[in-house]
Amino acid sequence: GVAIELAACCKPIPGDPIIGLLRKDQGMRIHTHSCPAVRKSRSAEPQNWIRVEWAPDPGQLFDVRIKVVAKNMRGVLGRVATGIAQAGINIEFVSMDNKRQGYFADLHFLVQVGSRQHLASLMRALRRVPDVIRISREQELL
(Lines give C-alpha, C1' and ligand atoms only; values in the text may rest on other atoms or scores of the structure.)
Protein backbone atom coordinates (compact mmCIF):
# COMPACT_ATOMS: atom_id res chain seq x y z
CA GLY A 1 0.00 0.00 0.00
CA VAL A 2 3.01 2.31 -0.23
CA ALA A 3 4.13 4.06 -3.42
CA ILE A 4 7.66 2.99 -4.31
CA GLU A 5 10.00 5.05 -6.48
CA LEU A 6 13.57 4.43 -7.59
CA ALA A 7 15.77 7.41 -6.76
CA ALA A 8 16.91 9.43 -9.77
CA CYS A 9 20.17 10.36 -8.05
CA CYS A 10 21.64 6.84 -7.97
CA LYS A 11 19.33 4.88 -10.31
CA PRO A 12 19.45 1.53 -8.46
CA ILE A 13 19.23 -1.67 -10.50
CA PRO A 14 18.60 -5.27 -9.38
CA GLY A 15 21.72 -6.60 -7.74
CA ASP A 16 22.68 -3.26 -6.15
CA PRO A 17 22.57 -3.18 -2.35
CA ILE A 18 19.58 -0.92 -1.64
CA ILE A 19 17.87 0.92 1.21
CA GLY A 20 14.49 2.65 1.38
CA LEU A 21 13.62 6.12 2.62
CA LEU A 22 10.03 6.20 3.91
CA ARG A 23 8.39 9.60 4.21
CA LYS A 24 4.84 10.38 5.22
CA ASP A 25 2.63 11.23 2.22
CA GLN A 26 5.53 10.61 -0.19
CA GLY A 27 5.92 6.85 -0.10
CA MET A 28 9.25 5.06 -0.26
CA ARG A 29 12.23 6.10 -2.36
CA ILE A 30 14.80 3.37 -3.05
CA HIS A 31 18.52 4.30 -3.08
CA THR A 32 21.77 2.37 -3.42
CA HIS A 33 23.82 2.07 -0.24
CA SER A 34 26.60 4.11 -1.87
CA CYS A 35 24.34 6.99 -2.91
CA PRO A 36 25.57 10.42 -1.73
CA ALA A 37 21.97 11.28 -0.70
CA VAL A 38 21.93 8.33 1.70
CA ARG A 39 25.15 9.43 3.36
CA LYS A 40 23.79 12.97 3.75
CA SER A 41 20.42 12.23 5.33
CA ARG A 42 20.76 8.82 6.97
CA SER A 43 22.33 10.27 10.11
CA ALA A 44 19.85 13.17 10.19
CA GLU A 45 16.74 10.98 10.06
CA PRO A 46 17.69 7.35 10.82
CA GLN A 47 14.14 6.39 11.78
CA ASN A 48 12.95 6.86 8.17
CA TRP A 49 15.46 4.43 6.57
CA ILE A 50 14.30 0.85 6.02
CA ARG A 51 16.24 -2.20 4.88
CA VAL A 52 14.81 -3.48 1.59
CA GLU A 53 15.71 -6.14 -0.97
CA TRP A 54 15.03 -6.72 -4.64
CA ALA A 55 12.36 -9.17 -5.78
CA PRO A 56 13.99 -12.26 -7.36
CA ASP A 57 13.15 -11.16 -10.93
CA PRO A 58 11.60 -7.72 -11.34
CA GLY A 59 11.09 -8.43 -15.06
CA GLN A 60 11.71 -4.90 -16.28
CA LEU A 61 14.49 -2.68 -17.60
CA PHE A 62 16.24 0.00 -15.56
CA ASP A 63 18.02 3.15 -16.71
CA VAL A 64 21.73 3.34 -15.91
CA ARG A 65 24.25 6.04 -16.75
CA ILE A 66 27.69 4.93 -17.89
CA LYS A 67 30.78 6.90 -18.87
CA VAL A 68 33.19 5.59 -21.48
CA VAL A 69 36.60 7.21 -21.85
CA ALA A 70 37.91 6.53 -25.33
CA LYS A 71 40.57 7.71 -27.71
CA ASN A 72 39.25 10.74 -29.57
CA MET A 73 39.33 9.16 -33.02
CA ARG A 74 37.03 9.16 -36.03
CA GLY A 75 34.27 6.55 -35.62
CA VAL A 76 34.82 5.81 -31.93
CA LEU A 77 31.25 6.81 -30.98
CA GLY A 78 29.89 4.46 -33.65
CA ARG A 79 32.11 1.57 -32.46
CA VAL A 80 31.02 2.02 -28.84
CA ALA A 81 27.33 2.34 -29.80
CA THR A 82 27.64 -0.82 -31.91
CA GLY A 83 29.22 -2.63 -28.94
CA ILE A 84 26.27 -1.62 -26.77
CA ALA A 85 23.75 -2.76 -29.38
CA GLN A 86 25.56 -6.07 -29.88
CA ALA A 87 25.31 -6.65 -26.12
CA GLY A 88 21.52 -6.47 -26.58
CA ILE A 89 21.18 -3.20 -24.70
CA ASN A 90 19.12 -0.17 -25.69
CA ILE A 91 20.64 3.32 -25.66
CA GLU A 92 18.21 5.95 -24.35
CA PHE A 93 20.55 8.95 -24.54
CA VAL A 94 24.14 9.73 -25.52
CA SER A 95 26.35 12.79 -25.15
CA MET A 96 30.02 13.44 -25.67
CA ASP A 97 32.38 15.97 -24.21
CA ASN A 98 35.95 16.72 -25.05
CA LYS A 99 37.05 18.41 -21.81
CA ARG A 100 40.28 16.47 -21.97
CA GLN A 101 41.34 18.55 -25.00
CA GLY A 102 42.67 16.28 -27.64
CA TYR A 103 43.58 12.66 -27.30
CA PHE A 104 40.66 11.37 -25.17
CA ALA A 105 36.89 11.98 -25.12
CA ASP A 106 34.23 11.19 -22.52
CA LEU A 107 31.14 9.46 -23.89
CA HIS A 108 28.08 9.48 -21.60
CA PHE A 109 25.31 6.95 -22.19
CA LEU A 110 21.96 6.31 -20.58
CA VAL A 111 21.28 2.62 -21.23
CA GLN A 112 18.62 0.15 -20.14
CA VAL A 113 19.63 -3.02 -18.30
CA GLY A 114 17.74 -5.75 -16.48
CA SER A 115 20.21 -6.26 -13.63
CA ARG A 116 23.66 -5.59 -12.29
CA GLN A 117 24.88 -8.73 -14.07
CA HIS A 118 23.47 -7.41 -17.35
CA LEU A 119 25.39 -4.16 -16.80
CA ALA A 120 28.58 -6.11 -15.99
CA SER A 121 28.29 -8.06 -19.24
CA LEU A 122 27.92 -4.77 -21.15
CA MET A 123 31.02 -3.36 -19.49
CA ARG A 124 33.01 -6.50 -20.35
CA ALA A 125 31.87 -6.22 -23.98
CA LEU A 126 32.85 -2.55 -24.16
CA ARG A 127 36.33 -3.29 -22.81
CA ARG A 128 36.90 -5.32 -25.98
CA VAL A 129 36.05 -2.35 -28.24
CA PRO A 130 39.21 -0.86 -29.78
CA ASP A 131 40.08 2.63 -28.47
CA VAL A 132 38.05 2.26 -25.22
CA ILE A 133 40.23 3.19 -22.25
CA ARG A 134 37.88 3.12 -19.23
CA ILE A 135 34.22 2.41 -18.43
CA SER A 136 32.39 3.39 -15.25
CA ARG A 137 28.87 3.67 -13.90
CA GLU A 138 27.88 7.25 -13.17
CA GLN A 139 25.71 8.66 -10.45
CA GLU A 140 24.04 12.03 -10.51
CA LEU A 141 25.94 14.61 -8.52
CA LEU A 142 24.02 16.25 -5.71
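Keep in mind that what you see is a predicted model, and the values were worked out from it rather than measured.

A.B. asks: Just to check I follow, could you spell out the overall build of the chain for this structure?
C.D. replies: Along its length, the chain carries three helices and eight strands. For the chain, the sequential pattern of α-helices and β-strands runs β-β-β-α-β-β-α-β-β-α-β. Overall size of the chain, expressed as C-alpha extent along the three principal axes, is 50 × 30 × 20 Å. By residue count, 40% of the 142 residues in the chain fall in the buried class. Pairs at least 24 apart in sequence give 66% of the contacts found in the chain among residues at least 6 apart. One way to put it: in the chain the 21 positive side-chain charges average out to a point 7 Å from where the 13 negative ones average out.

A.B. asks: How should I be thinking about the packing of aromatic side chains in this particular structure?
C.D. replies: In this description, a pair of aromatic rings is defined by centroid distance and the angle of the planes. Under the defined criterion, the tally for this structure stands at two aromatic pairs. On the basis of an interplanar angle of 80° and a centroid distance of 5.6 Å, the ring pair of Trp54 and Phe62 is categorised as edge-to-face. A ring pair is formed by Tyr103 and Phe104, whose centres lie 4.8 Å apart and whose planes are at 85°; its orientation type is edge-to-face. Tyr103 sits in the exposed class, given a relative accessible area of 53%.

A.B. asks: I would appreciate a short explanation of unusual backbone geometry in the present structure.
C.D. replies: Glycine aside, the phi torsion of most residues is negative, and most peptide linkages are trans. Its identity is not glycine, yet Asp25 carries a phi of approximately 65°, on the positive side. Mapped onto the elements of the fold, Asp25 is located in the loop between β2 (18–23) and β3 (27–32). When its relative accessible area of 77% is taken as the criterion, Asp25 is described as exposed. Unlike most non-glycine residues, Asp131 shows phi in positive territory, near 80°.

A.B. asks: Please clarify how the sheet that holds β3 should be interpreted in this entry.
C.D. replies: As a general point, the strands of a sheet are linked pairwise by backbone hydrogen bonds and lie either parallel or antiparallel. What the four strands build is an open sheet, ordered β1-β3-β2-β4; its pairing is mixed. Both outer strands of the open sheet, β1 (4–6) and β4 (49–51), are each paired with one neighbouring strand and no more. Looking at each pair of strands side by side, their axes are set apart by 30° on average, direction ignored. Judged from the three bridges that link them, β2 and β4 form a sheet pairing that is antiparallel. From the neighbouring strand, Gly20 faces β4, where its bridge partner is Ile50.

A.B. asks: I would appreciate a short explanation of the state of the cysteines in the present structure.
C.D. replies: Each disulfide consists of a covalent bond between the sulfur atoms of two cysteine residues. In total, this model carries zero disulfides according to the counting rule given. No disulfide involves Cys10; its nearest neighbouring cysteine sulfur is the one of Cys35, lying 3.8 Å away.

Calculation criteria
- Residues numbered from 1 in each chain as written.
- Predicted model: local features only at pLDDT ≥ 70, side-chain atom pairs only at ≥ 80, totals over all residues.
- Heavy atoms only, no water.
- Helix = DSSP H or I, 4+ residues; strand = E, 2+ residues; numbered from the N terminus.
- Buried < 20%, exposed > 50% of the residue type's maximum accessible area, 1.4 Å probe, protein only.
- Contact = heavy atoms within 4.5 Å.
- Lys, Arg positive; Asp, Glu negative; His and termini not counted.
- Charge placed at Lys NZ, Arg CZ, Asp CG, Glu CD.
- Phe/Tyr/Trp six-rings, centres within 6.5 Å; stacked < 30°, edge-to-face > 60°.
- Pairing = 2+ DSSP bridges.
- Axes fitted to C-alpha atoms, helices over the stretch in contact; angles between N-to-C directions.
- Disulfide = S-S within 2.5 Å.

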